[in-house]
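Read off the chains here:
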Amino acid sequence: MVIMERPHIGVFTSGGDSPGMNAAIRAVVRAAHYHGLRVSGIEGGYDGMIQGRIRELGVRDVSGIIQRGGTVLRSARSKGFLTNEGRAQAKASLDRAGITALVAIGGNGTFAGAIAFDKEHGVATIGLPGTIDNDLYGTDRTIGFDTAVNTAMQAIDRIRDTASSHDRHFFVEVMGRDTGFIALTSAVASGAEYVMVPERMQTIDDLTDALREEAASKSSSIVVVAEGDEAGGAFAIARAVKERMPDRDIRVTVLGHLLRGGAPTVADRILASRLGVAAVEALLAGERGKMAGEINGEMVLTPFQMAIDKRKDLSGELLRVLSILAI
Ligand code: F6P
């Protein structure tokens, strides 16, 4: 295997933040120093790279951040980096700082940017899956997903209390972009009655049939709605159900960005720590253009294009478990 010339690593977070990004930054910085490498933090994602917001990080600069949500390096969805000029400016910033390789912590958009950057400017990049959505192929879990579903579960538990006190039917919307991983996982964990996810074709009539069946034995219920469901968000779905079931006392809660914050769980801290070390060692081994992920407990590298393009399946078994247990 090619051993890369001692790289000076630039680490950055990009796209929507996720709990555990700080643990990943810490792991990259510490692993780089362990291997005798220089490492710098790039602030504000690709925008900050363009602007040259770069500072070298020592081992103590990442003390006390493993437990913090958000990202100390800040993040952005950069429009500038989508242009040739933006990427050329970013390359000039890296050259000025002496950075020769990158660890990019983010999701689909982050990795698409890294592909273009390497093609045009030859910058070796290893990615870490940092998104609450869990929508990347090549890893069983993304950094932040576990924290997000725990937060969703706790919120739904609280909604359950008031729903049952008032005999109400709640529609709870969770993030996930165009996938239903957060919705399905938090629905099973909170004992929800039904889930609406983009991966499964379900009509409003399917939903109302299911709710009518349950009505015989239940006076309250919770339907978890993935924000990307083709039937619409929780408000639209709740309106359509109310038209068909006017007697129902219906309420809607949108959890939104609540799921993006908070201290990362044990699972996210461990995942981020392992992947951070794996990313640095992958660069040292001459790897580039790949995302480090965890599959069945093992660290694996997946080419960026595959991580973006291939669709990870929602667990059919978990969907079945939900419907069996919601009787
Ligand atoms: O990708 C993470 C995510 O939180 C998605 O679940 C959501 O659709 C999107 O980002 C929201 O983006 P923003 O923070 O830019 O509103």
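Given the structure is predicted, the values throughout are model-derived calculations rather than measurements.

Visitor: Could you clarify how one ought to interpret the overall build of the protein in this entry?
Guide: Counting secondary structure elements, the protein contains 11 helices and 11 strands. Over its C-alpha atoms the protein spans a radius of gyration of 22 Å, differing by no more than 12% from the 20 Å that the globule rule assigns to 327 residues. On the principal axes, the C-alpha backbone points of the protein span a range of 70 × 35 × 35 Å. For the protein, the share of sequence-separated contacts (at least 6 apart) that also reach a separation of at least 24 residues comes to 76%. Accessible area of the protein: about 13900 Å², with a carbon and sulfur share of 51%. Within the protein, one finds 37 positive and 40 negative side-chain charges whose respective centroids are separated by 6 Å.

Visitor: Would you mind showing me how to read the sheet that holds strand S10 (residues 290-295) here?
Guide: Paired through their backbone hydrogen bonds, the strands of a sheet run either parallel or antiparallel. Pairing is mixed in the open sheet, where 7 strands are placed in the order S3-S2-S1-S4-S5-S10-S11. Across the chains shown, the open sheet's two edge strands, defined by having one partner strand only, are strand S3 (54-56) and strand S11 (298-303). Each adjacent strand pair in this sheet contributes to an overall mean axis angle of 25°, direction not counted. Of the strand pairs in this sheet, strand S5 (residues 124-129) and S10 are connected by 2 bridges, and their pairing is parallel. Opposite Ile 126, over in S10, you have Lys 290 as the bridge partner. Along the sheet, helix H1 (residues 21-34) makes contact with strand S1 (9-13), strand S2 (39-42), strand S4 (101-106) and S5, crossing S1 at roughly 175°.

Visitor: Got a minute to help me understand the layout of surface pockets in this structure?
Guide: To locate leftover empty space, one rolls a probe as large as a water molecule over the atoms. Approximately 560 Å³ is the volume attributed to the largest pocket. If you go around the largest pocket, you meet 29 residues; those closest to its centre are Gly 15, Gly 16, Arg 77, Gly 109 and Arg 177. It is helix H4 (residues 108-121) that provides the largest number of residues to the lining of the largest pocket, a total of 5 residues. A class-by-class count of the residues in the lining of the largest pocket yields 7 nonpolar, 13 polar and 9 charged. Of the residues that make up the lining of the largest pocket, three or more belong to each of domain 1 (9-144 + 264-309) and domain 2 (148-260). Ranked by the residues each element gives to the lining of the second largest pocket, the list is headed by helix H6 (residues 181-189), at 3 residues.

Visitor: Got a minute to help me understand the packing of H1 against helix H9 (residues 266-284) in this structure?
Guide: A pair of packed helices can be characterised by two numbers: the angle between their axes and the separation between those axes. Interhelical geometry of H1 versus H9 gives an angle of 35° and a closest axis separation of 7 Å. The crossing of H1 and H9 is right-handed. Counting all contacts with H1, which are made through Ala 23, Ala 24, Ala 27, Val 28, Ala 31 and Ala 32, the residues of H9 involved are Arg 269, Ala 272, Ser 273, Gly 276, Val 277 and Val 280. Per-class residue counts for the contact of H1 with H9 are 9 nonpolar, 2 polar and 1 charged.

Visitor: So what exactly am I meant to see when it comes to the environment of Glu 43 here?
Guide: Take Glu 43: it is sitting in the loop between S2 and helix H2 (45-51). When the C-alpha positions of Glu 43 and Val 72 are compared, they lie 8.3 Å apart, and in sequence the two are 29 residues distant. In this structure, Glu 43 is in contact with Gly 48, Met 49, Arg 53, Arg 55 and Leu 73, ignoring residues within four places of it in sequence. A distance of 2.9 Å separates the side chain of Glu 43 from the side chain of Arg 55, its partner in a polar contact.

Visitor: So what exactly am I meant to see when it comes to the sheet that holds strand S8 (residues 221-226) here?
Guide: Reading across from one edge, S7-S8-S6-S9 is the order of the 4 strands in this open sheet, with parallel pairing throughout. Only two strands of the sheet have a single partner each, and these edge strands are strand S7 (194-196) and strand S9 (250-254). Strand-to-strand twist across the sheet, computed as the mean angle between neighbouring axes with direction ignored, equals 20°. Here strand S6 (residues 169-174) runs beside S8; their pairing, made up of 6 bridges, is parallel. Across the sheet, the residue bridging to Val 172 is Val 224, located in S8. The strands that helix H5 (residues 145-166) touches are S6, S8 and S9; relative to S6, the one it contacts most, it runs at about 165°.

Visitor: Even after reading the chapter, I still don't get the nonpolar core, so can you show me in this structure?
Guide: Generally speaking, a soluble globular protein has its nonpolar side chains buried in company with each other. Counting 32 residues, the largest nonpolar core has Ile 9, Val 11, Val 103, Ile 105 and Leu 128 as the members making the most contacts within it. Those elements that place two or more of their residues in this core are S1, H1, S4, S5 and H9. In contact with Val 11, other than residues within four places in its own chain, are Val 28, Val 29, Val 39, Ser 40, Gly 41, Ile 42, Leu 73, Val 103 and Ile 105. In terms of nonpolar packing, the next biggest core, distinct from the first, is built from 29 residues, Ile 156, Ile 159, Met 175 and Leu 319 among them.

Calculation notes
- Residues numbered from 1 in each chain as written.
- Predicted model: local features only at pLDDT ≥ 70, side-chain atom pairs only at ≥ 80, totals over all residues.
- Heavy atoms only, no water.
- Helix = DSSP H or I, 4+ residues; strand = E, 2+ residues; numbered from the N terminus.
- Rg over C-alpha atoms; globule rule 2.2 N^0.38 Å.
- Contact = heavy atoms within 4.5 Å.
- Areas by Shrake-Rupley, 256 points an atom, 1.4 Å probe, with all protein chains shown as cover.
- Lys, Arg positive; Asp, Glu negative; His and termini not counted.
- Charge placed at Lys NZ, Arg CZ, Asp CG, Glu CD.
- Pairing = 2+ DSSP bridges.
- Axes fitted to C-alpha atoms, helices over the stretch in contact; angles between N-to-C directions.
- 1 Å grid on protein atoms, 1.4 Å probe; cavity = no way out; pocket = protein on both sides within 12 Å on 5 of 7 lines; lining within 4 Å.
- Points joined across faces, edges and corners; volume = space filled by probe spheres on them.
- Nonpolar A, V, L, I, M, F, W, Y, C, P; charged D, E, K, R; others polar.
- Domains from an automatic or database assignment.
- Left-handed = near helix turned anticlockwise from the far one by under 90°.
- Polar contact = N/O pair within 3.5 Å; in protein donor to acceptor, adjacent residues only side chain to side chain.
- Core = buried A, V, L, I, M, F, W, Y, C linked by side-chain atoms within 4.5 Å.
- Buried < 20%, exposed > 50% of the residue type's maximum accessible area, 1.4 Å probe, protein only.

So yeah, pure geometry; function would need other evidence.
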